[in-house]
Protein chains: 4
Amino acid sequence: MARVAVLGASGYAGSIAAMLVHRHPFFELAHVTARSEAGARLDDIHPRTRVPMELESWDPKVHSGVDAALVCWPHRAAAPAVAELRERGVRVVDLSADFRLTDRGIYEDWYGAHGAPALFGQGVYGLPELHRERIAGADLVANPGCYPTAALLALAPLARAGLIGDVVIDAKSGVSGAGREPTAATHYVAADENMVPYKVERHRHTPEIEQELAGQGAPLTITFTPHLVPLAQGELVSCYVTPSREYAEEEVAGLYDDAYATEPWVELRLGPPGVLEVRETNYCRLSVHCDGRTNRILVFASIDNLWKGAAGQAVQCMNVMYGLGETTGLDGIAMFP
Amino acid sequence: MARVAVLGASGYAGSIAAMLVHRHPFFELAHVTARSEAGARLDDIHPRTRVPMELESWDPKVHSGVDAALVCWPHRAAAPAVAELRERGVRVVDLSADFRLTDRGIYEDWYGAHGAPALFGQGVYGLPELHRERIAGADLVANPGCYPTAALLALAPLARAGLIGDVVIDAKSGVSGAGREPTAATHYVAADENMVPYKVERHRHTPEIEQELAGQGAPLTITFTPHLVPLAQGELVSCYVTPSREYAEEEVAGLYDDAYATEPWVELRLGPPGVLEVRETNYCRLSVHCDGRTNRILVFASIDNLWKGAAGQAVQCMNVMYGLGETTGLDGIAMFP
Amino acid sequence: MARVAVLGASGYAGSIAAMLVHRHPFFELAHVTARSEAGARLDDIHPRTRVPMELESWDPKVHSGVDAALVCWPHRAAAPAVAELRERGVRVVDLSADFRLTDRGIYEDWYGAHGAPALFGQGVYGLPELHRERIAGADLVANPGCYPTAALLALAPLARAGLIGDVVIDAKSGVSGAGREPTAATHYVAADENMVPYKVERHRHTPEIEQELAGQGAPLTITFTPHLVPLAQGELVSCYVTPSREYAEEEVAGLYDDAYATEPWVELRLGPPGVLEVRETNYCRLSVHCDGRTNRILVFASIDNLWKGAAGQAVQCMNVMYGLGETTGLDGIAMFP
Amino acid sequence: MARVAVLGASGYAGSIAAMLVHRHPFFELAHVTARSEAGARLDDIHPRTRVPMELESWDPKVHSGVDAALVCWPHRAAAPAVAELRERGVRVVDLSADFRLTDRGIYEDWYGAHGAPALFGQGVYGLPELHRERIAGADLVANPGCYPTAALLALAPLARAGLIGDVVIDAKSGVSGAGREPTAATHYVAADENMVPYKVERHRHTPEIEQELAGQGAPLTITFTPHLVPLAQGELVSCYVTPSREYAEEEVAGLYDDAYATEPWVELRLGPPGVLEVRETNYCRLSVHCDGRTNRILVFASIDNLWKGAAGQAVQCMNVMYGLGETTGLDGIAMFP
């Protein structure tokens, strides 16, 4: 039994992380923290979490007395808290971007100065389907961004086979991806019946996807554009791959079967997957299409941006770190329709 | 371990019923049936159920070889199937209206001829909060309608205290309440950004609510109007009670505390409950307001129409029938936010 | 040709008011003002208005040089601006609540101190269907609240006939009714797939409805509860009337025919009206149902809360004030489906 | 004044076409036809059209006595009706795909046998921004598909400049694009909170886009994938162009300025356009982004699929055919927010 703190539990991803830890058979939820909502009960703010615990103000001395922590703070704010936790020996899964990138210059170009330079680059990239073994031995795991999760699961088999000559990634996300802070863009009247590309040419998940594709053998400059669509949770990534060489359709099918046949949280489908199919689950559903007419390979991946794209994956990583089955505390939680 | 069949498992309520039985620690899902979709796998039609079973055509000889059945067929069609199951000794929870009413004339006025006259009136009304003991010993349970569930939980404490002089029930439901059949009214473009009262003066849940209020000591003619609102699942019932006599606010508060303090699936809240708080759970959330200005008592109740309003309640009834804890197989299933 | 300023044109109602004045054949949009968004162009903030004008900071000296003004500011802030405009002889339609109520004590109970006491009670209540003649001669019109507009059009014929013994008003509104300010409640993720009663027992439109019903001959204490529903624009009011005396169904039908047969913006329908039918129009659609079973009279009214419930009605009032046809500048603007 | 019939006026596009013709200052709406809903009034089915006319069963003898017709029938069914109208000298804008393609083999590959072979290929492709002069003299105009409209407006300037080496078109549409027939896919519960690619590799708008791009000088094999998103009306096309040669950013900006500076229905924007901005208007909004990092050119185009993507464009074509200003009867119709 490991005692776990969830920092930033009042946000969307944080509250789900707290819920999953709270129900987990091998973890004990020891603390939940929040800034402006400290003092409130988590299940008053997020009733469906059913976590009857009071949100506390972050206090490193108090909250470092745990075995592990899930840090659900914004990038740049997360790094110093992670550093304090690590100094006290706490194992950390950090959901921010602060420990995902390994090239300092790239981090600074896209995010600015790092909040804990001594720890920079020390995180293991927390996508179990790619880095299971390294996560198992890690004390600091950098939980992937939501778009990179879906994009990398979609593209990794092709990357490893050297099949990606070029790729366009058109991504669509529900509004929870923009966070819980009320803004003009997340106002119901602005988002309802609307859809719009955002952060064109400059979304920060771009270098993260490129780093990890390079790690799989495909050093590429990708084109990545996210879009905001009118739904609460759900993310769909449409990948358009120009192959680097000739291939047989069977080869491609085989690559995906080899990669995912035994993965508990990745499912291959014949037809393109809708996001509702994976809502509030940790599943990523994929479909792969070899278009003979254009010679392109199309891969579609759908996830719940708050589950496999954030909190669910963080708990999956924790399961790996503690030697547990990867579905522990994550399955048997399902919804409808 | 009881073996259970779910008839009509391709519909919204049926698929959730199948999912809940499939995951239940004491029930075994033996069969799932469907008419037009027989042959398909349930988890292809409803992916999130995660029930990897083939839908079969209803065959009384085959499907009566179980201990219990949940019948999720439309009213009038359900009765003959229930009769066949009962003849073979199968315990039944019927989700249709066929066994809810006890006055034959009223049934015929609102529904037409009954499909199994010999069994008419043999069902125990399956609202555990009102009829727990009778359900425990029943072989045929008539699962309540969604609106009656919310309305009766909202009004029963007042009814028993003789406090209801008159009541207006304004109810609002998401689109899944209209069933899975595609119609002009359930087309996305018709329902989206719309809301509209329907079946004004003549919704069939009216006599059901009146029957059960009378059973609690309040023989009333109620005013009940349902409205369709643009969301998938969720039901809110707003009850406006004209009291029959003077009362103290503390008396009313006490009535609800007494009724629900130990109920696992009913929660009293200070402020009015939103439907998202109970989405995909078996909870009913209530708030009670004594309006000193108008002297009315207002009660709001929110449920998920497919859970506490249908499939969740059916499993709760099954738990009662089999002597299990009422939350068995129903908790630990939660979502976000 | 009258020159018109719209104060508070960056809000939802204000921007539509500006659009309608801008396209109006007899009005000239002279100024649009805003606070935090001064300097921006209105059609950048609200593209569909197609008003290519810059939002200015409110300057009484500059902006009083017009013939008329539509004031779209919040209550209490509006009154002083209205006073300044009136001092300079500008005719005003005020969309706030500041000049709707005629009883100072009631205003202060529900809103607090008034911002321009000398003018208190000087507004003519701007519901043309009730007060057409007084509006025609008015220099200060108090545009009704959205809920009172629908509720009064629904109930006035019964009120005048002395038929209302008691009434429950259950109202439902889209999210634009909560204003353009981003808040926790208007966040897409909070409002989507949700519905919830709000301001139970204490919504400020209550005394406004009571005042006007009294003016129609029905001094009542009403029960009024608004609900937030997940759509952008649209409002439905469900009125449950306990009649004060016996009546014939034909009498009721006659009352509504007499009241609305020649009204350009009120339409009687046989079945209950959905809000999508009147979206982005100035229409109010009504249906009246005499329920023989309960003896209640049910009246449903649907409007677009930003049109007939705010900006459209304000322009209708302006038309009356300037002796124009009441549909001028308001028809020929329609949408789909 | 030209007398105009709208065939298939009960569908989404047909009803808007009827509304626009009905309000048009130079056209007179002579007939509206429908199949299963003949006998009903159009404004009962589509209230906001405000067209108080009865839907008639198609009768070539009766309905050919007009000057022009807008045919809003499905492909393959449309062709024979168009032939009958043309035989009687009626000028036709056909909204189906039957007269868009000029290569018979390609038509048959994607659609099957043509319903009026003698007329095959006789239509002028009705995108005024590309074919204004030919439309002006045409008696048979083939109104473009919704996706081709947005995609061609997005890409034509680059195509004419020979700048497109390769292109990926990722398109997203609201549910009205699937038509008014209730189906499993258009059920509210299926479409709500969902998004999903559809007709991957095989959407019939593919050859139409290719034909017209070739006509602009860019004979390409395109990659085109549509997605269904949860909103009623609105379409966004995201185009990812791999340039065929080096270029300067100013060159690209100049191409779009030259193409659209004087176009009344195409607007260039700096930031990516949301679909809500153009809802229920005939506008297409475009943004063009030269991504220095990837060397790709990104073009985003948003339209209302039922307006510029169907009925609005058909009326724009009619305006061209009759020598009227292209905004006649199409502007001054706007909404909010």
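Not measured: the values here are computed from a predicted model. (Residues numbered from 1 in each chain as written. Chains lettered and ligands numbered in written order. Predicted model: local features only at pLDDT ≥ 70, side-chain atom pairs only at ≥ 80, totals over all residues. Heavy atoms only, no water.)

Q: Could you clarify how one ought to interpret the overall build of chain A in this entry?
A: Helices and strands together make up the secondary structure of chain A, namely 11 helices and 14 strands. At 19 Å, chain A has a C-alpha radius of gyration in line with the 20 Å of a compact globule built from 337 residues. Counting over 337 residues, chain A shows a buried share of 66%. Of the contacts formed within chain A by residues at least 6 apart in sequence, a portion of 69% connects residues at least 24 apart. If you sum the accessible surface of chain A, you get close to 10500 Å²; carbon and sulfur atoms cover 48% of it. Put simply, chain A has 28 plus and 42 minus side-chain charges, and the middle of one group is 3 Å from the middle of the other. (Helix = DSSP H or I, 4+ residues; strand = E, 2+ residues; numbered from the N terminus. Rg over C-alpha atoms; globule rule 2.2 N^0.38 Å. Buried < 20%, exposed > 50% of the residue type's maximum accessible area, 1.4 Å probe, protein only. Contact = heavy atoms within 4.5 Å. Areas by Shrake-Rupley, 256 points an atom, 1.4 Å probe, with all protein chains shown as cover. Lys, Arg positive; Asp, Glu negative; His and termini not counted. Charge placed at Lys NZ, Arg CZ, Asp CG, Glu CD.)

Q: Please explain the relation of the copies chain D and chain A as it appears in this structure.
A: Each of the two copies of the chain can be brought onto the other by a rotation about an axis and a shift along it. It takes a turn of 180° to lay chain D on chain A, together with a shift of 0.0 Å along the axis; the resulting RMSD is 0.0 Å. Interpreted geometrically, this transformation is the action of a two-fold axis. Minimal C-alpha distance to the rotation axis in chain D is attained by D:Pro230, lying at 3.2 Å. Both copies present the same face, since 100% of the interface residues in chain D are matched by interface residues at the equivalent positions in chain A. (Least-squares fit on C-alpha atoms with pLDDT ≥ 70 in both.)

Q: Help me understand the interface of chain C and chain A, please; the structure alone is not making it clear to me.
A: A common way to state how big an interface is: give the accessible area lost once the parts meet. At the interface, 18 residues of chain C touch 18 residues of chain A. In this assembly, chain C packs against chain A so that about 1400 Å² is buried in total across both faces, 69% of it on carbon and sulfur atoms. Summed over the three residues of chain C that lose the most area to chain A, namely C:His187, C:Tyr188 and C:Val189, the buried surface amounts to 48% of that side. For the interface between chain C and chain A, the tally reads 9 residue pairs in polar contact (both at pLDDT 80 or more). With 3 residues, the single largest contributor to the side of chain C that touches chain A is helix H8 (residues 188-191) of chain C. Residues that form the side of chain C that touches chain A fall into these classes: 10 nonpolar, 5 polar and 3 charged. (Buried area = accessible area lost by both parts, 1.4 Å probe. Polar contact = N/O pair within 3.5 Å; in protein donor to acceptor, adjacent residues only side chain to side chain. Nonpolar A, V, L, I, M, F, W, Y, C, P; charged D, E, K, R; others polar.)

Q: What is the right way to read the pattern of salt bridges from this model?
A: Working definition: two side chains of opposite charge can pair if their charged atoms are close together. By the definition in use, this model includes 87 salt bridges over all chains. One salt bridge in this structure joins A:Arg50 and B:Glu267, with 2.5 Å as the shortest N-O distance. You can see A:Arg50 sitting in the loop between helix H2 (42-45) and strand E3 (55-56) and its partner B:Glu267 sitting in strand E12 (residues 266-268), one on each of two chains. Taking the shortest distance from any N to any O, the salt bridge between C:Arg269 and D:Asp44 comes out at 3.2 Å. Here C:Arg269 is found in the loop between strand E12 (266-268) and strand E13 (284-290), whereas its partner D:Asp44 is found in helix H2 (residues 42-45) on a different chain. (Salt bridge = Lys/Arg side-chain N within 4 Å of Asp/Glu carboxyl O.)

Q: I'm lost on the side chain of B:Thr33 in this one. Help?
A: Among the structural elements, B:Thr33 can be located in strand E2 (residues 27-33). Ignoring anything within four residues of it in the chain, the contact list for B:Thr33 reads B:Val6, B:Leu7, B:Gly8, B:Ala9, B:Ser10, B:Leu55, B:Glu56, B:Trp58, B:His63 and B:Trp73.

Q: In this structure, what is going on with the interface of chain D and chain A? I would like to understand it.
A: Counting residues at the interface gives 51 residues for chain D, matched by 51 residues for chain A. Overall, the association of chain D and chain A removes approximately 3900 Å² of surface from exposure, summing both partners, and the carbon and sulfur fraction of that is 60%. When the buried surface of chain D facing chain A is broken down by residue, D:Glu193, D:Met195 and D:Arg293 rank first, second and third, together holding 19% of it. In this assembly, chain D and chain A are joined by 8 salt bridges. Close ionic contact of D:Glu193 with A:Arg279 constitutes a salt bridge, the shortest N to O distance being 2.8 Å. At the surface where chain D touches chain A, the tally comes to 28 residue pairs in polar contact (both at pLDDT 80 or more).

Q: Can you help me understand a positive patch on the surface in this one?
A: All names here are of chain A. Positive charge collects at one region of the surface, where Arg76, Lys199, Arg202 and Arg204 lie side by side. In this fold, Lys199 is placed in the loop between strand E9 (196-197) and helix H9 (205-215). You can call Lys199 partly exposed: its relative accessible area is 38%. (Patch = residues over 30% accessible without salt bridge, like charges linked within 9 Å, V, L, I, M, F, W, Y side chains within 5 Å.)

Q: How do you make sense of the relation of the copies chain C and chain A when you look at a structure like this?
A: When chain C is fitted to chain A, the best match, at an RMSD of 0.0 Å, comes from turning it 180° and sliding it 0.0 Å along the axis. Counting the interface residues of chain C, we find that 100% of their copies in chain A are interface residues as well, pointing to one common contact surface.

Q: Would you mind going over the pairing of strand E2 (residues 27-33) of chain D with me for this structure?
A: Every regular strand shows the same layout, with side chains that alternate between the two sheet faces. Residue and element names in this part refer to chain D. Most of E2 is tucked away, with 6 of its 7 residues classed as buried. Judged from the 5 bridges that link them, strand E1 (residues 2-7) and E2 form a sheet pairing that is parallel. Along E2, the bridge assignment pairs Ala5 with His31. Note: E2 against strand E3 (residues 55-56), 2 bridges, orientation parallel. Within E3, the position partnered with Thr33 by the bridge is Glu56. (Pairing = 2+ DSSP bridges.)

Q: Help me understand the sheet that holds strand E11 (residues 235-243) of chain A, please; the structure alone is not making it clear to me.
A: By way of backbone hydrogen bonds, the strands of a sheet pair with one another, either parallel or antiparallel. Residue and element names in this part refer to chain A. Taken in spatial order, the 7 strands make up an open sheet running E9-E10-E8-E11-E14-E13-E12, and their pairing is mixed. In the strand order of this sheet, the two ends are held by E9 and strand E12 (266-268), each with one partner. Bridge analysis of E12 against strand E13 (residues 284-291) gives 3 bridges, and the strand direction is parallel. When the sheet's bridge partners are listed, Leu268 is paired in E13 with Leu286. The sheet strands contacting helix H7 (residues 146-160) are strand E8 (164-173), strand E10 (223-228), E11, E12, E13 and strand E14 (296-303), and the helix crosses E11 at an angle near 30°. (Axes fitted to C-alpha atoms, helices over the stretch in contact; angles between N-to-C directions.)

Q: Just checking my understanding: could you explain the side chain of A:Lys172 for this structure?
A: Residue position: A:Lys172 is located in strand E8. Note on A:Lys172: relative accessible area 0%, which makes it buried. Polar side-chain contacts of A:Lys172 include one of 2.9 Å to the side chain of A:Asp170. Ignoring any residue separated from it by four or fewer positions in sequence, one finds A:Lys172 in contact with A:Tyr147, A:His227, A:Val229, A:Gly234, A:Glu235, A:Leu236, A:Ser238, D:Asp170, D:Lys172, D:Met195 and D:His227.

Q: Is there a simple way to think about helix H1 (residues 12-23) of chain C in this case?
A: One turn of the α-helix equals 3.6 residues, which is why residues spaced by three or four share an orientation. Here H1(C) contains 12 residues, and its C-alpha end-to-end distance of 17 Å stays within 8% of the 16 Å for a straight helix at 1.5 Å per residue. For H1(C), a buried count of 10 out of 12 residues is recorded, marking the element as mostly surrounded by other parts of the structure. Within H1(C), burial applies to C:Tyr12, C:Ala13, C:Gly14, C:Ser15, C:Ile16, C:Ala17, C:Ala18, C:Met19, C:Leu20 and C:Val21. Against helix H8 (188-191) of chain A together with strand E1 (2-7), strand E2 (27-33), helix H2 (42-45), strand E4 (68-71) and helix H11 (307-321) of chain C lie the buried residues of H1(C). (Expected span 1.5 Å × (residues − 1).)

Q: Is there a simple way to think about the sheet that holds strand E4 (residues 68-71) of chain A in this case?
A: The strand order E3-E2-E1-E4-E5-E7-E6 (chain A) describes an open sheet built from 7 strands, whose pairing is parallel. Looking at which strands have only one partner, the edges of the open sheet turn out to be E3 and strand E6 (124-125) of chain A.

Q: It is not clear to me how the state of the cysteines should be interpreted in this structure. Could you clarify?
A: Here, disulfide denotes a covalent bond that connects the sulfur atoms of two cysteines. Tallying each qualifying case throughout the model produces 0 disulfides over all chains. In this structure A:Cys72 is not part of a disulfide, and its nearest cysteine sulfur, from A:Cys317, lies 12 Å away. (Disulfide = S-S within 2.5 Å.)

Q: In this structure, what is going on with the packing of helix H7 (residues 146-160) of chain B against helix H9 (residues 205-215) of chain B? I would like to understand it.
A: Helix-helix packing is characterised by the crossing angle of the two axes and by the distance between the axes. Residue and element names in this part refer to chain B. As a packed pair, H7 and H9 sit with axes 10 Å apart at the nearest point and diverge in direction by 30°. Viewed along their axes, H7 and H9 adopt a mutual orientation that is roughly parallel. Between H7 and H9 lies a crossing of right-handed hand. Mapping the contact onto sequence places Cys146, Tyr147, Pro148, Ala151, Leu152, Leu155 and Ala159 in H7 and His205, Glu208, Ile209, Glu212 and Leu213 in H9. Of the residues assigned to the contact of H7 with H9, the class counts are 9 nonpolar, 1 polar and 2 charged. (Parallel < 35°, antiparallel > 145°, perpendicular 65-115°, else oblique. Left-handed = near helix turned anticlockwise from the far one by under 90°.)

Q: Mind showing me how you'd approach the packing of aromatic side chains here?
A: The description of an aromatic ring pair uses the distance of the two centres, along with the angle that the planes make with each other. This structure, assessed with the given rule, holds 30 aromatic pairs over all chains. Aromatic side chains A:Tyr147 and A:Phe224 sit 5.3 Å apart centroid to centroid with 65° between the ring planes, which places their arrangement in the edge-to-face category. Of this pair, A:Tyr147 sits in helix H7 while A:Phe224 sits in strand E10, and the two are 77 residues apart along the sequence. Of the two residues, A:Tyr147 and A:Phe224, neither departs from the other in class, the shared state being buried. Measuring from ring centre to ring centre gives 4.7 Å for C:Trp265 and C:Tyr283, while their planes differ by 65°; the resulting arrangement is edge-to-face. Remark: C:Tyr283 occurs in the loop between E12 and E13 and C:Trp265 occurs in the loop between helix H10 (249-260) and E12; sequence separation between them is 18 residues. For C:Trp265, a relative accessible area of 1% translates into the label buried. A residue is classified by how much of its surface remains accessible, and C:Tyr283, at 14% relative accessible area, is buried. Taken together through their ring pairs, the aromatic side chains of A:Tyr107, A:Tyr111 and A:Phe120 make up a single cluster. Directly above the ring of A:Tyr322 sits A:Arg91, whose terminal nitrogen or CZ lies 5.0 Å from the centroid. We note C:Arg104 situated over the ring of C:Phe120; from NZ or CZ to the ring centre the distance is 5.8 Å. (Phe/Tyr/Trp six-rings, centres within 6.5 Å; stacked < 30°, edge-to-face > 60°. Lys NZ or Arg CZ within 6 Å of the ring centre and 35° of its normal.)

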